[in-house]
Amino acid sequence: MANVRANKRSRTQSDDESEGCAIRRTDEEFWYEDGTVILAAGDVDFRVFKGILAEHSPVFKDMFSLPQPPLANGQVSSSCPVVHLSDSPDDIRALLRVCMPKTNSNPFTQDDPSYETIAGSIRLGHKYEICELVDHALGYLKRYYTVDYSQWKALRIVVPPRFQLMHAIGVVNLARLTDCETILPTALYQCCQLDGELVKGFARADGTRECLSADDLALCVAARANLMQESVGIALRICAPVLSLSCTHPAHCALAFNSYLHTGRLDPLEVCNTHPLWSAASMVNGVCQMLCDSCWHMLCERNTSERVRFWDRLPAVLGIEVQGWNAGTAAALQQ
Ligand SMILES: [Zn+2]
């Protein structure tokens, strides 16, 4: 995304301070010859327009209002000023795509973005107070880390297409950074599915580690025990050996309900795990296949209602409160 170029622009104090980085690259996407400021991030330069950036970001506006440092001879440079940023080139490019889009569309609806793109966008959007950037990236996360059970179930995937499960740690931290509490329950729930990564976190692109805060780690440790209790309770209630009042084959169905408890057929991990939204799923399917139609319908209803009831309780199980949690599904069930 960038071309290597000789640094021929007139020298400034900032340039002198970055001596030793003579070979820099101009960004292919954001280099306007008539641009009014050069943003230097890593080894990449972006030549863009101060006025547009200042319009989006009060932080940039303040930065650009500062007087340019005088040159060695005491005169003020009339060349394009250079602003050195500590951010990564990829993050700055994501920021510019929102501030200076080359199409009118939301960049996060074109393709599924990577976790790094989303995290960088939210962190820089928050740092430079660019609401559109934060809103676009959080909007994408909210599609997957949803408050609504029906929407979550319809996704049929655990994480966004280009995310890994461990990125839930980063999503929790982004939720905390932006006070976006609605994405917390599912992100914390996914953290509870991690093993060693729950404590150790994961390596970011720059080599540093992304970890949960001590408070969120404590929430997850406590929640893992709660989730296992929920899983066991859900499995026992769904597969309780109580037949439908319309059962057509009572002896056969009673045998089917009791069969899963038979020694050797019950896998403890199937029942006792930290994933109550899916726990005992294969066991329920196995029992269903042996039931009459009436008992089968009854078991399916139990299965759905138990998962929905758990979803309603999810924030409480995790030890947090979330306004508006599962309002859509709750309203649908009341109709
Ligand atoms: Zn039956």
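Our subject is the structure that appears above.
Scoring rules and cut-offs
Residues numbered from 1 in each chain as written. Predicted model: local features only at pLDDT ≥ 70, side-chain atom pairs only at ≥ 80, totals over all residues. Heavy atoms only, no water. Donors = N, O, S within 2.8 Å, 3.2 Å for Na, K, Ca; no water. Buried < 20%, exposed > 50% of the residue type's maximum accessible area, 1.4 Å probe, protein only. Helix = DSSP H or I, 4+ residues; strand = E, 2+ residues; numbered from the N terminus. Pairing = 2+ DSSP bridges. Axes fitted to C-alpha atoms, helices over the stretch in contact; angles between N-to-C directions. Parallel < 35°, antiparallel > 145°, perpendicular 65-115°, else oblique. Left-handed = near helix turned anticlockwise from the far one by under 90°. Contact = heavy atoms within 4.5 Å. Nonpolar A, V, L, I, M, F, W, Y, C, P; charged D, E, K, R; others polar. Polar contact = N/O pair within 3.5 Å; in protein donor to acceptor, adjacent residues only side chain to side chain. 1 Å grid on protein atoms, 1.4 Å probe; cavity = no way out; pocket = protein on both sides within 12 Å on 5 of 7 lines; lining within 4 Å. Points joined across faces, edges and corners; volume = space filled by probe spheres on them. Phe/Tyr/Trp six-rings, centres within 6.5 Å; stacked < 30°, edge-to-face > 60°.

Caption draft 1: A look at the coordination of the zinc ion. At this site the zinc ion is bound by C247 (SG), C253 (SG), C292 (SG) and C295 (SG), with donor distances of 2.3 to 2.4 Å. When the donor residues of the zinc ion are listed from N- to C-terminus, their spacing reads C-x5-C-x38-C-x2-C. Each member of the pair C292 and C295 is classed as buried.

Caption draft 2: Spotlight on unusual backbone geometry. Backbone geometry at D179 places phi at a positive 60°, although glycine is not the residue there. Of note, D179 is situated in the loop between helix 8 (168-178) and helix 9 (184-191). Owing to a relative accessible area of 71%, D179 belongs among the exposed residues under this scheme. Positive phi values are uncommon outside glycine, yet A280 reaches one of about 65°. Inspection of the secondary structure assignment puts A280 in the loop between helix 13 (268-271) and helix 14 (281-288).

Caption draft 3: Geometry of helix 4 (residues 89-99). The element helix 4 is largely enclosed, with a buried count of 9 among its 11 residues. Among all positions of helix 4, only P89, D91, I92, R93, A94, L95, L96, V98 and C99 are buried.

Caption draft 4: Representation of the pairing of strand 3 (residues 37-41). Among the 5 residues in strand 3, 5 count as buried, and that is most of the element. Side-chain alternation along strand 3 places V37, L39 and A41 on one buried face and I38 and A40 on a second face that is also buried. Summarising the sheet, strand 3 and strand 4 (residues 44-48) pair through 5 bridges and their orientation is antiparallel. Each residue of the ladder has a partner; that of V37, found in strand 4, is V48.

Caption draft 5: Spotlight on the packing of helix 14 against helix 15 (residues 293-318). Where helix 14 meets helix 15, the axes come as close as 10 Å, and the angle between the chain directions of the two elements is 165°. Regarding the angle of helix 14 to helix 15, the classification is roughly antiparallel. For helix 14 against helix 15, the interelement crossing comes out right-handed. Contacts between helix 14 and helix 15 involve A281, V284, V287 and C288 on the former and, on the latter, W296, L299, C300, N303 and R307. By residue class, the composition of the contact of helix 14 with helix 15 is 7 nonpolar, 1 polar and 1 charged.

Caption draft 6: Region of interest: the environment of Y189. Positionally, Y189 belongs in helix 9. Between the C-alpha atoms of Y189 and R224, which are 35 residues apart in sequence, the distance is 8.7 Å. Setting aside chain neighbours within four positions, we find Y189 in contact with L227, T274, H275, P276, L277, F310, L314 and L318. Within the structure, Y189 has its side chain in polar contact with the backbone nitrogen of L277 (distance 3.2 Å).

Caption draft 7: Structural context of the environment of S88. In this fold, S88 is placed in the loop between strand 5 (82-85) and helix 4. For the pair formed by S88 and D206, sequence separation is 118 residues and the distance between their alpha carbons is 8.9 Å.

Caption draft 8: A look at the layout of surface pockets. The space that makes up the second largest pocket amounts to roughly 330 Å³. Forming the boundary of the second largest pocket are 14 residues, of which K153, W278, A281, N285 and N303 lie nearest the centre. Top element by residues in the lining of the second largest pocket is helix 15. It accounts for 5 residues. Its residues placed into classes, the lining of the second largest pocket shows 8 nonpolar, 3 polar and 3 charged.

Caption draft 9: Molecular detail of the packing of aromatic side chains. With the rule as written, the count across this model stands at 13 aromatic pairs. With centroids separated by 6.2 Å and ring planes inclined at 55°, the aromatic side chains of Y189 and F310 adopt a geometry described as tilted. Pair noted here: Y189 is in helix 9 and F310 is in helix 15, with a separation of 121 residues, a long-range link. The burial state of Y189 is the same as that of F310; both residues are buried.

Geometric descriptors of this kind do not, in isolation, establish any biological role.
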